[in-house]
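# Secondary and tertiary structure notes
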Amino acid sequence: MAASLPVIDFAAFIDHASSPEEKKAVALQIDNACREVGFFYLKNHGVPMNLIGDMLTKSRNFFETATPEEKKRLALRKIAEGGDNARGFLKINNPEKGSHEALDVYRPVETRDPPYTTGMGPNQWPSTPSDFRETAEEYIERLETLGIQVMKAIAIGLKVDESIFLNRINKAFWNLRILGYEGRKEKSKEQAGIGEHTDFGILTFLLTDSNPKSLQVLSKSGEWIWADPIEGCYVCNIGDMLHEWTRGAYKSTLHRVCHNAESLRISIPFFFDPNWDAFISPVLPAAEGVVDRDEGIRYEEKFVRSVEYPLWRDSLVQANPTVASQVA
Ligand SMILES: O=C(O)CCC(=O)C(=O)O
Ligand SMILES: [Fe+2]
């Protein structure tokens, strides 16, 4: 049987009535998953199911109804075009692989008039559905809380001070990405998706619709395993920043998307990323592993570097033309 990702029940960690031992037991399960796989399902996470349902429905509605004019209005723009290089709508179109579209929103920052600097512009919100922004903001608030709770569990699992991450994540420069993968209209060898990559930040909380056989994760033994959605669970994974903060003890694992079905697939990753000015500085002693070359720089610098080169999504799609043909 193919390997599968661990499912971790978070209920005891967020229940005020739980004992420190009960919380620690959850923290150790997360620690084990982060060391062994870098991916796990999180259930009983406390985010209301009706809010999750609303996010999925409204995101689907956006992709199904947005007109070309609306997409143009929302478009991610470079700094010279009055944008901030990061926020807004973009379409990755590859005639061989299919396409996907994404709307990126980030933690709001104070903005004046353009020109903006990278990442420092205003978010672009869809006008339809009319309460999209309201729902997304409520969802983001819940996910920020969840991110802080999971990081507390991670600190306990790492056996460091349980609030060690707090001043690096209390103004998390999160990124909510609303993704729509077009259904494949005709059979071709290639597939709509995203090429193999690791995520950039601390932790990703992935919410998807019920389409199976889309997301794949590279297992320790080198096989691609399907990470199909499980109702009520987030798929969580470690990003490069946490990999660096733990000197590689926690793995930011390669994953990719190969969407084969004929219907539109909606996927909503919440990238829980550090404060803009957080330092890349490990929380484990040097004896625990390698010292990363980015140690000592701020998250801001890494972020700006990542978006000022061709956008990573685009370059990954182009860099991995054979992803689909490797799928069993
Ligand atoms: O759509 C998915 O299942 C995952 C998307 C993803 O890996 C990403 O946006 O980084
Ligand atoms: Fe990813």
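Residues numbered from 1 in each chain as written. Chains lettered and ligands numbered in written order. Predicted model: local features only at pLDDT ≥ 70, side-chain atom pairs only at ≥ 80, totals over all residues. Heavy atoms only, no water.

Inclusion rule: UniProt positions are given in the numbering used here, feature names are shortened, and annotations may be inferred rather than shown by experiment.
In the annotation of an unreviewed UniProt entry, the protein chain is listed under the name Fe2OG dioxygenase domain-containing protein and assigned to Knufia peltigerae. Within the UniProt record for the protein chain, the comment given under Sequence similarities (unreviewed entry) is "Belongs to the iron/ascorbate-dependent oxidoreductase family."

## A word on the site of ligand 1
Keep this limit in mind: Consider each residue's heavy atoms; a residue with any of them within 4 Å of a molecule or strand counts as near. In protein, a polar contact means a hydrogen-donor-capable atom and an acceptor-capable atom, both N or O and within 3.5 Å, with residues adjacent in sequence counting only if both atoms are side-chain atoms; elsewhere, any N or O pair within 3.5 Å suffices. The numbering of helices and of strands both runs from the N terminus, where a helix is a DSSP run of H or I of at least 4 residues and a strand a run of E of at least 2.
Around ligand 1, 14 residues are found, and the nearest of them are Tyr181, His197, His255, Arg265 and Ser267. His255 places a side-chain nitrogen or oxygen 3.1 Å from an oxygen atom of ligand 1. Put simply, the parts of the chain that give the shell around ligand 1 at least two residues each are strand S5 (175-181), strand S11 (255-259) and strand S12 (265-272). Sort the elements by how many residues they give to the shell around ligand 1 and S12 lands first, with 4 residues.

## What about the coordination of the iron ion (ligand 2)?
Applied cut-off: Metal sites are built from N, O and S donor atoms within 2.8 Å, or 3.2 Å for Na, K and Ca, and they leave out water, so they may look incomplete. With a 1.4 Å probe rolled over the protein chains alone, any residue whose accessible area is under 20% of its type maximum counts as buried; one over 50% counts as exposed, and the rest are partly exposed.
Around the iron ion (ligand 2), the protein supplies His197 (NE2), Asp199 (OD) and His255 (NE2) as donor atoms, at distances of 2.1 to 2.2 Å. The buried category is assigned to His197, whose relative accessible area is 8%. A residue is classified by how much of its surface remains accessible, and His255, at 6% relative accessible area, is buried.

## Observations regarding unusual backbone geometry
Between Pro114 and the following residue, Pro115, the backbone shows a cis peptide bond with an omega angle of 5°. Relative to the assigned elements, Pro115 resides in the loop between strand S4 (98-106) and helix H5 (132-158). Following Thr128, the chain continues to Pro129 via a peptide bond in cis, the omega torsion being -5°. Among the structural elements, Pro129 can be located in the loop between S4 and H5. Its identity is not glycine, yet Asn44 carries a phi of approximately 55°, on the positive side. The phi dihedral of Arg247 is positive, around 50°, even though this residue is not glycine. Within the secondary structure layout, Arg247 lies in the loop between helix H7 (240-245) and S11.

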